[in-house]
Amino acid sequence: MPEHTAAAAETVTDPAVRDSLRLILDELATAADGLQEDQLAALAAEIRQAKRIFVAGGGRSGLALRMHAMRLMHLGLTVHVVGETTTPAIGSGDLLVVASGSGSTAGAVAAAQTSLSAGARVAALTTDGDSTLAETAHRVVVIPAAQKTDHSGTASRQYSGSLFEQALLLVLDAVFNTLWKSDGTPAEDLWPRHANLE
């Protein structure tokens, strides 16, 4: 183990971990308070009305979107993860849900532009409501969090976009929960759709 890593490991204490957890929870609460309810409701409505849903995002944002895709599948919706070999072409009546903290990630912007060209609708989640991705989308959810390259510690004291990715997952879970509650299907009826080849 490198010397600086070993020294850091020796200084980690239970209170330090607890303080980090408190920091993350406090930042998430602040970010949640800064969300626009009409934007969240519009995203839920887009998902509800779509023929098929496609999700796209890179890195940790992409992982959050994959988790969202799983929950939408549990609701019985037709959902695809962009980049998988079995993902079909997007088209009219479909919805792309795409996330990029900066709103300028090349792959996310390209996916949005391709979706528009194919006649699909686009819902974007980003920290920048004036970004290229936001300007391309029909619906935008602005998550008040730091971008990956913002190391000032002003918007977040966490590392490299962590708050955006955490808040993204919470927003998507809140949208799922809203759709589920409005659908009224009991949990035991959703469960048979859960993967059984894990």
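The protein is annotated in an unreviewed UniProt entry as 6-phospho-3-hexuloisomerase from Arthrobacter yangruifuii. Taken from UniProt, the Sequence similarities (unreviewed entry) comment for the protein reads in full: "Belongs to the SIS family. PHI subfamily."

Participant: Before we go on, may I ask you to explain the packing of helix H3 (residues 37–49) against helix H7 (residues 162–183) in this structure?
Facilitator: Any two packed helices are characterised by the angle at which their axes cross and by the distance between the axes. Close contact between H3 and H7 brings their axes to 10 Å; oriented N to C, the two are set at 60 degrees. With respect to H7, the axis of H3 lies oblique. Once H3 is placed against H7, the crossing between them reads as right-handed. In this structure, H3 contributes Leu-40, Leu-43, Ala-44, Ile-47 and Arg-48 to the contact, and H7 contributes Val-171, Val-175, Leu-179 and Ser-182. The residue inventory of the contact of H3 with H7, partitioned by class, reads seven nonpolar, one polar and one charged.

Reading the values: rules and limits
Residues numbered from 1 in each chain as written. Predicted model: local features only at pLDDT ≥ 70, side-chain atom pairs only at ≥ 80, totals over all residues. Heavy atoms only, no water. UniProt positions renumbered as here; feature names shortened; annotations may be inferred. Axes fitted to C-alpha atoms, helices over the stretch in contact; angles between N-to-C directions. Helix = DSSP H or I, 4+ residues; strand = E, 2+ residues; numbered from the N terminus. Parallel < 35°, antiparallel > 145°, perpendicular 65-115°, else oblique. Left-handed = near helix turned anticlockwise from the far one by under 90°. Contact = heavy atoms within 4.5 Å. Nonpolar A, V, L, I, M, F, W, Y, C, P; charged D, E, K, R; others polar.

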